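Spelled out, the chains give:
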Amino acid sequence: RSTQKAIEAALQPLPEFYENLVSLKSSDGDIDTDPDMVNALRHLRKSDPDNPIWPQMLGYIRFQRGGWEIIDALFEMNVAIAGGATNRAPYLIASEVSRLLQNYDRAADVLNQGLKHSPGHPSLLNNLAYTLSHDAKRIAEALALVPQLQEIANRDPHIKDTLAVVFLRGGKLDDAQRIVTEILSNADAGSPLWFRGNMHLAEIAWKRGKPREARQQLEGL
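Residues numbered from 1 in each chain as written. Predicted model: local features only at pLDDT ≥ 70, side-chain atom pairs only at ≥ 80, totals over all residues. Heavy atoms only, no water.

A. Layout of the overall build of the protein chain. A count of helices and strands for the protein chain gives 14 helices and 0 strands. Counting helices and strands in the order they occur from the N terminus, the protein chain gives α-α-α-α-α-α-α-α-α-α-α-α-α-α. Dimensions of the protein chain along its principal axes, counting C-alpha atoms only, are 70 × 35 × 30 Å. Across the 221 residues that make up the protein chain, the buried fraction comes to 41%. (Helix = DSSP H or I, 4+ residues; strand = E, 2+ residues; numbered from the N terminus. Buried < 20%, exposed > 50% of the residue type's maximum accessible area, 1.4 Å probe, protein only.)

In structure tokens:
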């Protein structure tokens, strides 16, 4: 409160005030996403333009706030990447926003850049396969990542979900059914993974030419 009052009282607040506010509002490990935090980071971006931490933090907050702010999140993370960022967050968020905007080529390019800095990292590989599966022209590339994903899937249901999506969109329905069965055997009823798994089963039935079974699956959900 004292730092905020100092900022409000100053005609031209010192950058140190904003930096102190950001430090305090993220000291417990969780980054606040309120307007005061956004305002502080915007000022720090202007006063300290060569520090890559500010665009990354601002981009993260914009992404978490959602809505139209994801566009600014993409801009900030692109600034961080252009500035030489090597940690994974800018690549993951920039690619996710690009995917949400249906710019799949850009999303895949960003993830491939991230993999140059973190070869084989599960999150980057998982997101890359999922992104490629959305583009019919690049489904073969997604399927080519399956062996790597299978090696790291273990008990990670999110990677298994990506495998199911890749198999589904690649026409490998038996493989998709097997993975979905594994997911559902460990998913709590009513959970997001349980819901997605059952949605996959409906799609599998539909693709196998069983619309009645697919409809029953959906009506059950």
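B. Structural detail: helix α13 (residues 192-207). The terminal C-alpha atoms of α13 lie 22 Å apart, and with 16 residues this matches the ideal 22 Å at 1.5 Å per residue to within 8%. Tucked into the core, α13 has its buried residues touching α11 (157-169), α12 (173-186) and α14 (211-220). One or two residues past the end of α13 sits Gly209, with phi positive at roughly 80°. (Expected span 1.5 Å × (residues − 1). Contact = heavy atoms within 4.5 Å.)

C. Highlighting a negative patch on the surface. Together, Glu16, Glu19, Asp48 and Asp50 make up a region of like negative charge exposed at the surface. Along the polypeptide, Glu16 turns up in helix α2 (residues 15-24). (Patch = residues over 30% accessible without salt bridge, like charges linked within 9 Å, V, L, I, M, F, W, Y side chains within 5 Å. Areas by Shrake-Rupley, 256 points an atom, 1.4 Å probe, with all protein chains shown as cover. Salt bridge = Lys/Arg side-chain N within 4 Å of Asp/Glu carboxyl O. Lys, Arg positive; Asp, Glu negative; His and termini not counted. Charge placed at Lys NZ, Arg CZ, Asp CG, Glu CD.)

D. Layout of the environment of Asn87. Within the secondary structure layout, Asn87 lies in the loop between α5 (69-82) and α6 (88-100). Owing to a relative accessible area of 35%, Asn87 belongs among the partly exposed residues under this scheme. Along the chain, Asn87 and Gly114 lie 27 residues apart, while their C-alpha atoms are 7.9 Å from each other. Within the structure, the side chain of Asn87 is placed 2.7 Å from the side chain of Gln56, a separation counted as a polar contact. (Polar contact = N/O pair within 3.5 Å; in protein donor to acceptor, adjacent residues only side chain to side chain.)

E. Summary view of the environment of Glu96. Mapped onto the elements, Glu96 comes out in helix α6. Given the relative accessible area of 22%, Glu96 is considered partly exposed. Considered as a pair, Glu96 and Val110 are 14 residues apart in the sequence and their alpha carbons are 9.5 Å apart. In this structure the side chain of Glu96 is engaged in a polar contact, spanning 2.7 Å, whose partner is the side chain of Arg99.

F. Region of the structure containing the nonpolar core. Grouped together as the largest cluster of nonpolar side chains are 36 residues, with contacts concentrated most on Leu128 and Leu163. If one sorts the elements of this core by residue count, α11 sits on top with 6 residues. Counting 13 residues, the second-largest nonpolar core is a separate cluster that includes Val38, Ala40, Leu41 and Met57. (Core = buried A, V, L, I, M, F, W, Y, C linked by side-chain atoms within 4.5 Å.)

G. Local environment of the packing of helix α7 (residues 104-117) against helix α8 (residues 122-132). Look at α7 against α8: their axes get within 9 Å of each other, and the N-to-C directions meet at 160°. By the angle between their directions, the pair α7 and α8 is classed as roughly antiparallel. Like other packed secondary-structure pairs, α7 and α8 cross with a definite hand, here left-handed. Between α7 and α8, the residues in contact are Tyr104, Ala107, Ala108, Leu111, Asn112, Gly114 and Leu115 and Leu124, Leu125, Asn127, Leu128, Thr131 and Leu132, respectively. (Axes fitted to C-alpha atoms, helices over the stretch in contact; angles between N-to-C directions. Parallel < 35°, antiparallel > 145°, perpendicular 65-115°, else oblique. Left-handed = near helix turned anticlockwise from the far one by under 90°.)

H. Local environment of the side chain of His200. Tracing the sequence through the fold places His200 in helix α13. Residue His200 is classed as buried on the basis of its relative accessible area, which comes to 7%. A polar side-chain atom of His200 sits 2.9 Å from a polar atom in the side chain of Asp161. Other than its neighbours up to four places away in sequence, His200 contacts Asp161, Ala164, Val165, Leu168 and Val180.

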